[in-house]
Amino acid sequence: MKILILNGPNLNLLGERDRSIYGLKSLSEIENCLVSRASELGVEVLFFQSNHEGYLIDKIQETAGKVDGLIINPGALTHYSYTLRDALADLKIPTIEVHLSNIFAREAFRNTTITAPVCTGLIAGFGWRSYLTALELIVSIINDRGK
Ligand code: DQA
């Protein structure tokens, strides 16, 4: 089983940007945690981060038929990207949107997610653990589908 984990704009700066909101771990530290958990679960994780909307969409289209599930933190694209939403809507695999922060408890413009309605579900507010929980859930969902 292969799971693609995508991160959008500015998430390359995790560990440096507003640590009181996004936590202390860098993106590569979070990815290392995910690799460890993935190996315990017996699955493979692939990572991609970009600050460019189109590159994220290219990656989604390229890998669509090659992975079993997608976990995505679209960063601020969450709140306005109809193009990213359309790319996600075309997917036929389980998709989980994650956020480190609780976007519903922050500024009004972050309270809307354009992308979550076309995902299987949303996990927000648990810091780096949002990703870990998403990984555990998506593997369980995919395993159930195989039964
Ligand atoms: C974020 C929340 C977004 O509003 C913000 O623009 C980010 C990070 C999160 O993980 O909490 O870049 O997606």
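Since the structure is predicted, the reported quantities are computational estimates derived from the model, not experimental observations. (Residues numbered from 1 in each chain as written. Predicted model: local features only at pLDDT ≥ 70, side-chain atom pairs only at ≥ 80, totals over all residues. Heavy atoms only, no water.)

J.: Is there a simple way to think about the sheet that holds strand 1 (residues 2–7) in this case?
T.: In a beta sheet, neighbouring strands pair by backbone hydrogen bonds and run either parallel or antiparallel. Pairing is parallel in the open sheet, where five strands are placed in the order 2-1-3-4-5. A strand with exactly one partner marks an edge of an open sheet, and here the two such strands are strand 2 (44–49) and strand 5 (121–124). Sheet twist, expressed as the mean angle between neighbouring strand axes with direction ignored, is 20 degrees. Two strands pair when backbone bridges link them, and strand 1 and strand 3 (residues 69–73) are joined in this way by five bridges, in the parallel orientation. Its bridge partner lying in strand 3, asparagine 7 is registered against asparagine 73. Contacting strand 1 and strand 2, helix 2 (residues 27–41) crosses the sheet at an angle of about 165 degrees to strand 2. Each of strand 1, strand 2 and strand 3 touches helix 3 (residues 53–63); the most contacted strand, strand 1, lies at about 170 degrees to it. (Pairing = 2+ DSSP bridges. Helix = DSSP H or I, 4+ residues; strand = E, 2+ residues; numbered from the N terminus. Axes fitted to C-alpha atoms, helices over the stretch in contact; angles between N-to-C directions. Contact = heavy atoms within 4.5 Å.)

J.: What am I meant to see in the packing of helix 2 against helix 5 (residues 129–145) here?
T.: When two helices pack together, their arrangement is given by the angle between the helix axes and by the axis-to-axis distance. Where helix 2 meets helix 5, the axes come as close as 10 Å, and the angle between the chain directions of the two elements is 25 degrees. The orientation of helix 2 relative to helix 5 falls into the category roughly parallel. Note on packing geometry: the crossing formed by helix 2 with helix 5 is right-handed. Contacts between helix 2 and helix 5 involve Ile30, Cys33, Leu34, Arg37, Ala38 and Leu41 from the former and Tyr131, Leu132, Leu135, Glu136 and Val139 from the latter. Of the residues in the contact of helix 2 with helix 5, the class split is nine nonpolar, no polar and two charged. (Parallel < 35°, antiparallel > 145°, perpendicular 65-115°, else oblique. Left-handed = near helix turned anticlockwise from the far one by under 90°. Nonpolar A, V, L, I, M, F, W, Y, C, P; charged D, E, K, R; others polar.)

J.: Got a minute to help me understand the layout of surface pockets in this structure?
T.: Unfilled space is identified by rolling a water-sized probe across the atoms. The calculated volume of the largest pocket comes to roughly 170 Å³. Around the largest pocket, the lining is made up of 15 residues, and of these Arg17, Tyr22, Gly75, Ala76 and Arg110 lie nearest the centre. For the lining of the largest pocket, the per-class residue count stands at six nonpolar, six polar and three charged. (1 Å grid on protein atoms, 1.4 Å probe; cavity = no way out; pocket = protein on both sides within 12 Å on 5 of 7 lines; lining within 4 Å. Points joined across faces, edges and corners; volume = space filled by probe spheres on them.)

J.: Quick question: what am I supposed to make of the site of the ligand here?
T.: If you check the shell around the ligand, you find Arg17, Tyr22, Asn73, Gly75, Ala76, His79, His99, Leu100, Ser101, Ile103, Arg106 and Arg110 and nothing else. Here an oxygen atom of the ligand and a side-chain polar atom of asparagine 73 are 2.8 Å apart. Relative to its unbound accessible area of 320 Å², the ligand is 99% covered by the protein chains. Here the ligand is seated within the largest pocket. For the shell around the ligand, the class distribution of residues is four nonpolar, five polar and three charged. (Near = heavy atom within 4 Å. Polar contact = N/O pair within 3.5 Å; in protein donor to acceptor, adjacent residues only side chain to side chain. Areas by Shrake-Rupley, 256 points an atom, 1.4 Å probe, with all protein chains shown as cover. Sits in = over half its atoms within 2 Å of the grid points.)

J.: Any chance you could explain the nonpolar core here in plain terms?
T.: Within soluble globular proteins, side chains that are nonpolar generally end up buried alongside one another. Grouped together as the largest cluster of nonpolar side chains are 23 residues, with contacts concentrated most on Ile3, Ile71, Tyr131 and Leu135. For this core, the secondary-structure elements that each account for two or more residues are strand 1, helix 2, strand 4 (95–99) and helix 5. Counting residues per element, this core draws most heavily on helix 5, which supplies seven residues. If we skip the residues at most four places from it in the chain, isoleucine 3 touches Glu44, Val45, Leu46, Gly69, Ile71, Leu135, Ile138 and Ile142. Leu4, Ala87, Leu88 and Leu91 belong to the second largest nonpolar core, which has 15 residues in total. (Core = buried A, V, L, I, M, F, W, Y, C linked by side-chain atoms within 4.5 Å. Buried < 20%, exposed > 50% of the residue type's maximum accessible area, 1.4 Å probe, protein only.)

J.: I tried to follow helix 3 on my own but got confused; where do I start?
T.: Helical periodicity: at 3.6 residues per turn, an α-helix aligns residues three or four positions apart in one direction. Among the residues making up helix 3, those that are buried are Leu56, Ile57, Ile60 and Thr63. Taken end-on, helix 3 shows its buried residues confined to a sector of 145 degrees, consistent with a single buried face. (Arc of directions from axis to C-beta.)

Function-wise, these values are silent; they only describe arrangement.
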